[in-house]
Amino acid sequence: MNDYSEKFEKMRIAGKLASQTLDMLTKNIKEGISTAQIDKLSYEFIRDNGGYSAPQYYRGFKKSLCTSLNHVVCHGVPSEERILKDGDALNVDVTAIINEHYGDTSRMFCIGKSPVKLKNLINVTHESMMKAIKILKPGIKLGDIGFEIQSYVEEKGFSVVRDFCGHGISTIFHEPPNILHYGKKNTGMDLRPGMTFTIEPMINAGKFPVKMLNDGWTAVTKDKSLSAQFEHTLGITENGYEIFTESAKGYFKPPYL
């Protein structure tokens, strides 16, 4: 048994609850539901399964998850007024706390019919995350993660958001190190066994600059192009990695059902 086995066991429980929450939401995310209803369903599911929704009251955030629609890059605030409609693309970002450990994950959802460019953006975003995850092992450098994502995404004609990044996570929601989704090979600190962090690339169909809305939370693409994101929480093992937030139902990217 290694010195991080207890930590990993608790991270598995938190990650499982977060991914189960998204699995549960999948059948409910459809045309006609409001993002506030999605928020309520998530809050109740996490509460009923012994956890707590980490975003609620985090630095003044008033909801239990983030719902980022279309050209919203991240941290969209659920509301009763925003009803999902045909053609929408939605990222739902869930973080559960259980046993004082955090599980943080997000997925994209497509409402009704999606344009080909949107499908391509979503597929490339998911694939960029998975390409970065698959290289993980002790000795890999942080810059290698960003390089893997950036080189793949830009080759496909999309851009990587610079203003937000992945982060260390365990008993603290956001802790060092920052996990940039762009970068150069063989730069940055070495990965080592026991590290736990998120990889969560935000990829834009247009250019990468973003701007903040007046609510102080919602980040949108400056050129109003579509944006997509996926996120996993994972840990570095002695010879590779473990994903804590993988879907038990095989819901990796849309279409799910």
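My aim in this report is to walk through the structure given alongside it, one point at a time. (Residues numbered from 1 in each chain as written. Predicted model: local features only at pLDDT ≥ 70, side-chain atom pairs only at ≥ 80, totals over all residues. Heavy atoms only, no water.)

**Points about helix α2 (residues 35–48)**
Convention followed: Under the scheme used here, helices are H or I runs from DSSP no shorter than 4 residues and strands are E runs no shorter than 2 residues, and both carry numbers assigned from the N terminus. In a helix, the anticipated span is given by 1.5 Å times the number of residues less one. Exposure is judged per residue with a 1.4 Å probe applied to protein chains only, and the accessible area is read against the type maximum: over 50% gives exposed, under 20% gives buried, and values in between give partly exposed. In this description, one arc is meant: the one made by directions from the helix axis to the C-beta atoms. Any two residues having at least one pair of non-hydrogen atoms within 4.5 Å are treated as being in contact.
With 14 residues, α2 extends 20 Å from end C-alpha to end C-alpha; this agrees with the ideal 20 Å at 1.5 Å per step. Within α2, burial applies to Thr-35, Ala-36, Ile-38, Asp-39, Ser-42 and Ile-46. Projected onto a plane normal to the axis of α2, the buried residues spread over an arc of 155 degrees and lie on a single side. Seen from the open side of α2, the exposed residues pointing more than 90 degrees away from its buried face are Lys-40 and Asp-48. Buried residues belonging to α2 abut α1 (5–26), β1 (52–53), β2 (66–69) and β4 (89–98). Taken from the residues just after α2, Gly-50 is the one with a positive phi, measuring 85 degrees.

**What to know about the pattern of salt bridges**
Rules: Any Lys or Arg side-chain nitrogen found within 4 Å of a carboxyl oxygen on Asp or Glu counts as a salt bridge.
A full pass over the atoms with the stated rule returns 10 salt bridges. Measuring nitrogen to oxygen at the nearest pair gives 3.5 Å for the salt bridge that ties Lys-10 to Glu-6. With a gap of four residues between them, Lys-10 and Glu-6 both fall in helix α1, about one helical turn apart. For Glu-6, a relative accessible area of 55% corresponds to the exposed category. Note that Glu-44 and Lys-40 form a salt bridge whose closest N and O atoms lie 2.8 Å from each other. Of this pair, Glu-44 and Lys-40 both sit in helix α2, four residues apart, which is roughly one turn of the helix. Several salt bridges share partner residues, and in doing so they unite Glu-9, Arg-12 and Glu-242 into one network.

**Some details on the pairing of strand β8 (residues 175–179)**
As a reminder, the rule being used: Strand pairing is assigned whenever DSSP identifies at least 2 bridges connecting the two strands.
Here strand β7 (residues 166–168) pairs with β8 via three bridges, running antiparallel. Bridge pairing in β8 places His-167 opposite Asn-178. Between β7 and β8, which follow one another and run antiparallel, lie six residues.

**Re unusual backbone geometry**
In this chain, Pro-176 is followed by Pro-177 through a cis amide linkage whose omega measures 0 degrees. Along the chain, Pro-177 turns up in strand β8. Cis rather than trans, the peptide bond between Pro-254 and Pro-255 has omega equal to 0 degrees. Of note in this structure, Arg-59 is not a glycine but carries a positive phi near 50 degrees. Within the secondary structure layout, Arg-59 lies in the loop between β1 and β2. By relative accessible area, which is 69% here, Arg-59 ends up exposed. Even without being a glycine, Asn-99 presents a positive backbone phi close to 55 degrees. Note on Asn-99: relative accessible area 45%, which makes it partly exposed.

**Considering the packing of α1 against α2**
The relative placement of two packed helices is expressed as an angle between their axes plus a distance between the axes. Formally: Under this scheme, a helix contributes an axis fitted over its contacting stretch, all axes are lines through C-alpha atoms, and angles between N-to-C directions fall in the 0 to 180 degree range. In this scheme, roughly parallel covers angles under 35 degrees and roughly antiparallel covers those over 145, while 65 to 115 is roughly perpendicular and the rest are oblique. It is the rotation of the near helix from the far one that decides the hand of a crossing: anticlockwise by less than a right angle makes it left-handed, clockwise makes it right-handed. Ten residues, namely Ala, Val, Leu, Ile, Met, Phe, Trp, Tyr, Cys and Pro, are considered nonpolar, four, namely Asp, Glu, Lys and Arg, are considered charged, and the remaining ones, Gly among them, are considered polar.
Across the interface, α1 lies against α2 with an axial gap of 10 Å and an inter-helix angle of 135 degrees. When the axes of α1 and α2 are compared, the pair comes out oblique. For the element pair α1 and α2, the recorded crossing hand is right-handed. Across the interface between the two elements, Leu-17, Gln-20, Thr-21, Met-24 and Leu-25 from α1 touch Ile-38, Leu-41, Ser-42, Phe-45 and Ile-46 from α2. The class makeup of the residues in the contact of α1 with α2 is seven nonpolar, three polar and no charged.

**Thoughts on the packing of aromatic side chains**
The criterion, for reference: Note on aromatic pairs: the rings of Phe, Tyr and Trp (six-membered ring only in Trp) are paired at centre separations within 6.5 Å, and the planes decide the class, stacked below 30 degrees, edge-to-face beyond 60, tilted for the rest. Two thresholds decide whether a charge sits over a ring: the Lys NZ or Arg CZ must be within 6 Å of the ring centre and within 35 degrees of the ring normal.
If you walk through the whole model with that rule in mind, you get seven aromatic pairs. Summarising the aromatic geometry, the rings of Phe-109 and Tyr-256 are spaced 5.2 Å apart at their centres and angled 55 degrees between planes, so their arrangement reads as tilted. Of this pair, Phe-109 sits in strand β5 (residues 101–110) while Tyr-256 is found in the segment after β15 (241–243), placing the two residues 147 residues apart along the sequence. Classification of Phe-109 as buried rests on a relative accessible area of 3%. One aromatic cluster is present, formed by Tyr-4, Phe-8 and Phe-244 through successive ring pairs. Over the ring of Tyr-182 we find Arg-162, and its NZ or CZ is 4.8 Å from the ring centre. Cation over ring: Arg-162 sits above Phe-208, and NZ or CZ is 4.1 Å from the ring centre.

Just distances and angles here, no functional claims.
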